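Survey of secondary and tertiary structure
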Amino acid sequence: MSRTVVNPDTVFNTVQYGFSQAVIVTGQRRMLLSGQVGVDAQERTVSPGLREQADAAIDNIERVLAAAGGTLAQVIMLRIYICETAREDQESIAQVLRDRFPNDPPPSSWIIVSGLSLPEWLVEIEAEAMLD
C-alpha cells in the first residue's frame, strides 16, 4: 500500500489533535471496520473514563486488523462518535490518537451524538484501512 498524508499549511493544524487533514492511498484491499467501543472480549466496559474507553476501542480496531493481516499503520480514516456527556473531555481522545498514531495519523471526523447503544459507553470509533 502506498500512503501519503496531506496536511497543507493553508488549513488549521489537525496533527496537534492526533489526526491529519487527508490521506492519499493506493492498495489492493479496502477494509471497513464496524464501530468499536471500550469493551473487552467478554463485552465488559473497560472503564467509566473516556480515555480508557477510546484506548480500548483502538485496541479492538487493532485486533480486527490483525485478524486480516493488517496493522494500525494501514488505517486511512477514523470516524469518532462521542457522547454529548463526554463533549468536554475530547482532549482524552486527542491524546489516545497522538499515542497510537504518532506519525502521519489518519484523517478523522468527530461527531457528537446523544448516546450510544449502552448508557456507559462514551465513544465509538469506526475505521477504514487499506491492506496490502
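That block above? That's the structure.
The following refers to the structure shown.

The rules we used
Residues numbered from 1 in each chain as written. Predicted model: local features only at pLDDT ≥ 70, side-chain atom pairs only at ≥ 80, totals over all residues. Heavy atoms only, no water. Core = buried A, V, L, I, M, F, W, Y, C linked by side-chain atoms within 4.5 Å. Buried < 20%, exposed > 50% of the residue type's maximum accessible area, 1.4 Å probe, protein only. Helix = DSSP H or I, 4+ residues; strand = E, 2+ residues; numbered from the N terminus. Contact = heavy atoms within 4.5 Å. Pairing = 2+ DSSP bridges. Axes fitted to C-alpha atoms, helices over the stretch in contact; angles between N-to-C directions. Right-handed = clockwise from strand over helix to strand, strands pointing away. Expected span 1.5 Å × (residues − 1).

**Re the nonpolar core**
- Residues Ile61, Leu65, Leu78, Ile80, Ile93 and Ile125 are the most contacted members of the largest nonpolar core, which totals 24 residues.
- Every element with two or more residues in this core is listed here: strand S3 (29–37), helix H1 (50–67), strand S4 (75–83), helix H2 (90–100) and strand S6 (123–131).
- Among the elements that take part in this core, H1 stands out by supplying six residues, more than any other.
- Setting aside residues up to four positions removed in sequence, leucine 78 forms contacts with Leu97, Phe101, Pro106, Pro107, Ser108, Ser109, Ile125, Glu126 and Ala127.

**What to know about H2**
- Within the sequence span of H2, burial applies to Ser92, Ile93, Ala94, Val96, Leu97 and Arg100.
- The secondary structure elements touched by the buried residues of H2 are H1, S4, strand S5 (108–113) and S6.

**Considerations on the sheet that holds S3**
- Pairing is mixed in the open sheet, where four strands are placed in the order S3-S6-S4-S5. The open sheet has two edge strands, S3 and S5, and neither has a second partner. Direction aside, the axes of adjacent strands within the sheet are offset by 10 degrees on average.
- Helix-sheet contacts for H1 involve S3, S4 and S6, and the interaxial angle to S3 is about 145 degrees.

**Some remarks on the pairing of S4**
- Counting buried residues along S4, seven of its nine residues qualify, which places the element largely inside the surrounding structure.
- Alignment of S4 against S6, held across seven bridges, turns out to be antiparallel. Paired with methionine 77 across the two strands is glutamate 128, which belongs to S6.
- Pairing of S4 with S5 involves six bridges; the strand directions are parallel. Looking at the pairing, isoleucine 80 lines up with tryptophan 110 of S5.
- After leaving S4, the chain enters H2 and then returns to the sheet as S5, a path that is right-handed.

**A word on H1**
- The end-to-end C-alpha distance of H1 is 26 Å, a good match for the 26 Å that 18 residues give at a rise of 1.5 Å each.
- For H1, the full list of buried residues reads Leu50, Gln53, Ala54, Ala56, Ala57, Ile58, Asn60, Ile61 and Leu65.
- Looking at the packing, one finds that the buried side of H1 touches S3, S4, H2 and S6.
- Just downstream of H1, glycine 69 is the residue with a positive phi angle, here 85 degrees.

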